[in-house]
Amino acid sequence: MLEKKLVELKSGKLSPSANLQGFLKKIGESEGKIGAFLEVYEKEAIERAAYLDGKKTKGELYGLVVSIKNNLAFKGHKMTCASKMLENYVAPYSATVVEKLLAQDAIIIGAVNQDEFACGSDCSYSALKETSNPVNIDRVPGGSSGGSGASVAAGFCDLSLGSDTGGSIRCPAAFMGVVGFKPSYGRVSRYGLSDLAMSFDQIGPLSQTVFGAKLAARVISGADERDSTTCGVKPIGETIKQKLPLNAAVPKQFFEGCDKEVSALVKKTIEKLESKGLVNVTEIDLPVLKYAIPIYYLNVFSEFASAMQKFDGMRYGQPWEGSDLISAVSAVRSNNFGPEVKRRILLGTYITTKEFRDAWYTKALKARQLFKSELEKVLADYDLLLGPTMPFAAWKKGQNANNPLAMYLADVLTIPANTAGIPAGSVPIGLTPKEKMPVGLQVMAGWGKDELVLEAMAQAEKIVNA
Ligand code: GLN
């Protein structure tokens with residue numbers, strides 16, 4: 001699909017303007033129902049497409065239309081992080097990934113919705129807009145990159161960029177039946193990303209196809225002197241040659257607490273991969289997975305609370321309201337942060353205070369290290385880890401509104417990859433028989449083996465579509 005379109009764009013059979021117009025038409029028809037965008041840069045996109053129409057040299061994303069999560073800086077454009085705190089903030093520079101999209105001749109069509117500051121799993125924590133799942137508008141789109149996934153699933157763009165701290169690319173991908181990929185930690189520059197937790201976050205693509213995810217991952221990855229975590233890394237390449245079948249481990253814990261229909265679909269796909277001789281599957285026991293949730297959330301709360309200190313109405317955020325420093329800062333923060341952001345700041349501050357740090361934060365750091373080494377041990381013996389992306393299909397809107405714990409628990413299968421810094425992707429494998437909602441297969445591999453994950457995802461995609 002996208003592969004063919006790119007050939008047509010590069011050969012001149014399809015112009016960037018015609019490609020863009022198709023999407024603008026769709027947005028005009030159904031964005032009112034979906035609510036994927038916080039802002040559509042219509043005029044600017046039309047001008048850019050017209051410029052690209054006449055361009056002789058053609059970049060890797062020539063004429064493709066891309067939406068970006070609103071926690072990515074795009075110079076001169078609002079970067080709200082879907083928070084009232086940054087409702088009027090205009091980015092003074094562009095994120096490295098945004099510069100890379102533009103350098104390869106993409107058209108950025110707009111900024112898409114997300115959970116506030118990327119905290120959440122169903123996009124309902126956006127303070128600015130509600131986004132619906134295009135597959136069934138009574139369902140959540142998943143989060144936190146809900147707008148990214150919805151813009152791809154609804155056919156509003158060719159590609160989208162999201163960010164993933166604990167599943168925020170893969171969850172919406174699974175819930176809306178598109179492809180989502182979170183690269184290895186450090187493989188994509190985070191310069192210009194307002195991250196949720198800086199030792200977990202990665203920027204990555206969402207697309208209708210694995211081809212699109214691969215293409216975007218290649219373009220946005222590689223070393224960047226403005227983000228030292230990328231030091232010495234290579235851009236994500238095409239494919240790597242590895243003898244088939246790949247050795248895949250399937251931890252039995254991945255299916256505990258998992259919806260029956262989701263489990264059945266994932267197991268069937270894994271069996272198909274095995275029967276085609278693509279993977280050799282071994283069921284394994286990985287008891288450390290039961291600690292994934294507390295390890296992730298304690299670390300994330302701590303990093304988040306610390307990073308959020310800058311939103312005080314002086315350095316960042318809405319202007320001062322109040323007569324003295326304490327009341328002014330507290331008024332700015334209590335009036336402009338939503339409940340989930342406040343909860344995380346409070347808990348993160350509490351567990352990092354001098355009195356409690358050793359009991360909670362230091363322990364969580366040590367536990368993260370152990371968790372990581374347990375996963376590394378498995379990935380020294382196996383090429384891949386396979387399982388469901390989410391334990392269930394997209395839930396109904398409002399279902400978890402007053403239940404933050406249920407929301408946290410939903411991330412159990414996606415957060416291991418971020419905790420260990422390894423690459424992970426979600427590929428759609430069909431619909432649940434009863435409610436007809438999409439299900440994703442999750443593929444993970446050892447650090448730096450992004451190409452292998454993408455390759456396995458491509459194989460799964462082929463089998464599902466055969
Ligand atoms: N749902 C997870 C959380 O709330 C992940 C969010 C993300 O990946 N940004 O922390």
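Residues numbered from 1 in each chain as written. Predicted model: local features only at pLDDT ≥ 70, side-chain atom pairs only at ≥ 80, totals over all residues. Heavy atoms only, no water.

Some words on the overall build of the protein chain
Part 1: Looking only at helices and strands, one finds 15 helices and 11 strands in the protein chain.
Part 2: Along the longest, intermediate and shortest principal axes, the C-alpha atoms of the protein chain span 70 × 55 × 45 Å.
Part 3: Within the protein chain, contacts between residues separated by at least 24 positions form 76% of all contacts whose residues are at least 6 apart in sequence.
Part 4: As presented, the protein chain carries roughly 18,600 Å² of accessible surface, and 55% of it is formed by carbon and sulfur atoms.
Part 5: Looking at the protein chain, you have 55 positive and 50 negative side-chain charges, and the mean spots of the two groups are 2 Å apart. (Helix = DSSP H or I, 4+ residues; strand = E, 2+ residues; numbered from the N terminus. Contact = heavy atoms within 4.5 Å. Areas by Shrake-Rupley, 256 points an atom, 1.4 Å probe, with all protein chains shown as cover. Lys, Arg positive; Asp, Glu negative; His and termini not counted. Charge placed at Lys NZ, Arg CZ, Asp CG, Glu CD.)

Description of helix α8 (residues 260-275)
Part 1: Here α8 spans 22 Å end to end across 16 residues, near enough to the 22 Å set by a 1.5 Å rise per residue.
Part 2: When we look at burial in α8, the residues that qualify are Glu261, Val262, Ser263, Leu265, Val266, Thr269, Ile270 and Leu273.
Part 3: Its buried side turned inward, α8 meets β7 (246-251), β8 (279-284), β9 (384-388), β10 (424-431), β11 (438-445) and α15 (450-465). (Expected span 1.5 Å × (residues − 1). Buried < 20%, exposed > 50% of the residue type's maximum accessible area, 1.4 Å probe, protein only.)

Structural notes on the packing of aromatic side chains
Part 1: Following the criterion strictly, the structure yields 16 aromatic pairs and no others.
Part 2: For the ring pair Tyr296 and Tyr297, a centre distance of 4.6 Å and an interplane angle of 85° mean the geometry is edge-to-face. Across the pair, Tyr297 and Tyr296 agree in class, each one buried.
Part 3: An aromatic cluster is present here, built from Tyr89, Phe117, Phe311, Tyr316 and Phe337 joined pairwise through their rings.
Part 4: Of note, Lys267 hangs over the ring of Phe255, and the distance from its end group to the ring centre comes to 4.6 Å.
Part 5: Arg368 extends its terminal NZ or CZ atom over the ring of Phe200, reaching a point 3.8 Å from the ring centre. (Phe/Tyr/Trp six-rings, centres within 6.5 Å; stacked < 30°, edge-to-face > 60°. Lys NZ or Arg CZ within 6 Å of the ring centre and 35° of its normal.)

A closer look at the site of the ligand
Part 1: Around the ligand, the structure places 15 residues, and the nearest of them are Thr165, Gly166, Ser168, Tyr296 and Arg344.
Part 2: Within the backbone of Gly166, a nitrogen or oxygen atom sits 2.7 Å from an oxygen atom of the ligand.
Part 3: One nitrogen or oxygen atom from the side chain of Ser168 is found 2.6 Å from an oxygen atom belonging to the ligand.
Part 4: Within the complex, the protein chains bury 99% of what would otherwise be the 290 Å² of accessible surface of the ligand.
Part 5: For the shell around the ligand, the class distribution of residues is five nonpolar, seven polar and three charged. (Near = heavy atom within 4 Å. Polar contact = N/O pair within 3.5 Å; in protein donor to acceptor, adjacent residues only side chain to side chain. Nonpolar A, V, L, I, M, F, W, Y, C, P; charged D, E, K, R; others polar.)

Concerning the side chain of Arg368
Part 1: Examined against the element boundaries, Arg368 turns out to sit in helix α12 (residues 361-381).
Part 2: For the buried Arg368, which has no salt bridge, the nearest side chain bearing the opposite charge is Glu303, at an N-O separation of 4.1 Å.
Part 3: For Arg368, the side chain forms a polar contact with the main-chain oxygen of Thr419, separated by 3.0 Å. (Salt bridge = Lys/Arg side-chain N within 4 Å of Asp/Glu carboxyl O.)

By themselves these figures say nothing about function.
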